[in-house]
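Examining the three-dimensional arrangement
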Amino acid sequence: MTLREKVAQLFVISISRNPSAKTRASQDSLIRDYGVGNIIIMRGPIHEFMERANYLQKLARYPLLVATDAEWGAAMRFYEYLPYPRQAQLARIEKGAEKLLYKMGRNVGKELLDLNIYVNYAPVADVAPANLETFSQRAFSHDPKQISALANAYMRGMQDEGIYACAKHYPGHGGSSVDAHYEMPVLTQTRAYMDSVDLYPYTTMFANGLEMVMIGHYSVPSIDPSGNPTSISGILMNDVLRRDQGFKGVVITDAIAMKGLTNSKRGPIEAVLGVYKAGADMILMPEKPAKCIEAITEKLEKGEWSVAELDKKVYNVLMLKARAGFFEKGFNPEVKNLDRKIAAARKRDYRLIKRMQRKMLKSSKPYIAPTGDDRTLILDRAGK
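Structural notes, computed from the coordinates. (Residues numbered from 1 in each chain as written. Predicted model: local features only at pLDDT ≥ 70, side-chain atom pairs only at ≥ 80, totals over all residues. Heavy atoms only, no water.)

Turning next to the sheet that holds strand β5 (residues 164-170). With parallel pairing, eight strands are arranged side by side in an open sheet as β7-β6-β5-β4-β3-β2-β1-β8. Of all the strands in the sheet, just β7 (250-253) and β8 (283-284) have a single pairing partner and so form its edges. Bridge count between strand β6 (residues 212-215) and β7: four bridges; the pairing is parallel. Following the sheet pairing, M212 is matched in β7 by V250. (Pairing = 2+ DSSP bridges. Helix = DSSP H or I, 4+ residues; strand = E, 2+ residues; numbered from the N terminus.)

Dropping the structure here:
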């Protein structure tokens, strides 16, 4: 690989529905000419996306690692699938929850493997505070031990099917009601509190073989007194995550365009340079990806940054692909027989979802009303 191709292997670009001709040409160039190594598929009709993914795979010199957000199954992105209940509802199951979450992980893993999607940006491991609408459905609960048990079960199920789970949003969003999509949350908890509460689910998942972790965009002064976002904090990534917690997997940022990181003082290129320097292995959905690739490459060519460090990052990403069998003889990233696979998945998921519904109806825990556009099968105490 050239230096620029190595850098491009770290980038994840988004594939959304109905892109303009200009956007399609830009994506084609990023993969064909720059060597971008990863894509994330957004929400829309599954056939449209698989056709596009198949085409992009043919352009790529090295197979693309495809990811998506499937916190409650492939239905989170593709309407053709059946949606599982959201994490907050699953935590209402009082008996056998871990066993059911493991089976859900296996089923979701099968769904994604059918689509040659090998990375699921899930589960959410944030410890939810009370009355926080942003995480009222996405987080399991307010109890770090319960979160740990359920997140680990879901993770193991996916990874036993060959899917890379990616816990998020490290080091934990729960200490703030601010949404990092719009501004940077500031978490004021002490380091001792963070260790025992927000970091606890991650600690247990690391010990159980979590493959990937996603860094959120927050300020945590008790960890990094500079006030910098965690995603550009070398203290957080190197001292806390790698050294103190012993995480050896792949570190990916949350979406670069989120205002918790990119703002009037820190543009998209500066943000990407910051997360790369801080220690991230993969860079998610940057604005101006071609210019960002060139900016990092220039730093390396001038000798300002270490090529050896780049090689470590690229090795981490390529090993995900290697362990998934991408470089083995006969591997084919093209998705075929899609309708048959969807029908089998719906039948398989329906049975497990009904079991979860019955458990949720028996729950003595309070019903959590959905917020916004929620398609999941959530039942209130009356079964509606």
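Read on for the rest.
Our next topic: the packing of aromatic side chains. Evaluation of the coordinates by the stated rule reveals eight aromatic pairs. An angle of 45 degrees between the planes, with centres 6.4 Å apart, marks the rings of Y202 and F206 as tilted. Within this pair, Y202 and its partner F206 are both found in helix α8 (residues 200-207), separated by four residues, close to a single helical turn. Look at Y202 and you get buried, because its relative accessible area is 0%. Residue F206 is classed as buried on the basis of its relative accessible area of 11%. Relative to W305, the ring of Y276 lies with its centre 5.2 Å away and its plane at 10 degrees, an arrangement referred to as stacked. Of this pair, Y276 sits in helix α10 (residues 268-278) while W305 sits in the loop between α11 (289-301) and α12 (307-323), and the two are 29 residues apart along the sequence. In this structure an aromatic cluster arises from ring pairing among Y170, Y202, F206 and F247. Between R4 and the ring centre of Y34, over which it is positioned, the NZ or CZ distance is 4.1 Å. Note that K313 overlies the ring of Y276, its terminal NZ or CZ placed 4.5 Å from the centroid. (Phe/Tyr/Trp six-rings, centres within 6.5 Å; stacked < 30°, edge-to-face > 60°. Buried < 20%, exposed > 50% of the residue type's maximum accessible area, 1.4 Å probe, protein only. Lys NZ or Arg CZ within 6 Å of the ring centre and 35° of its normal.)

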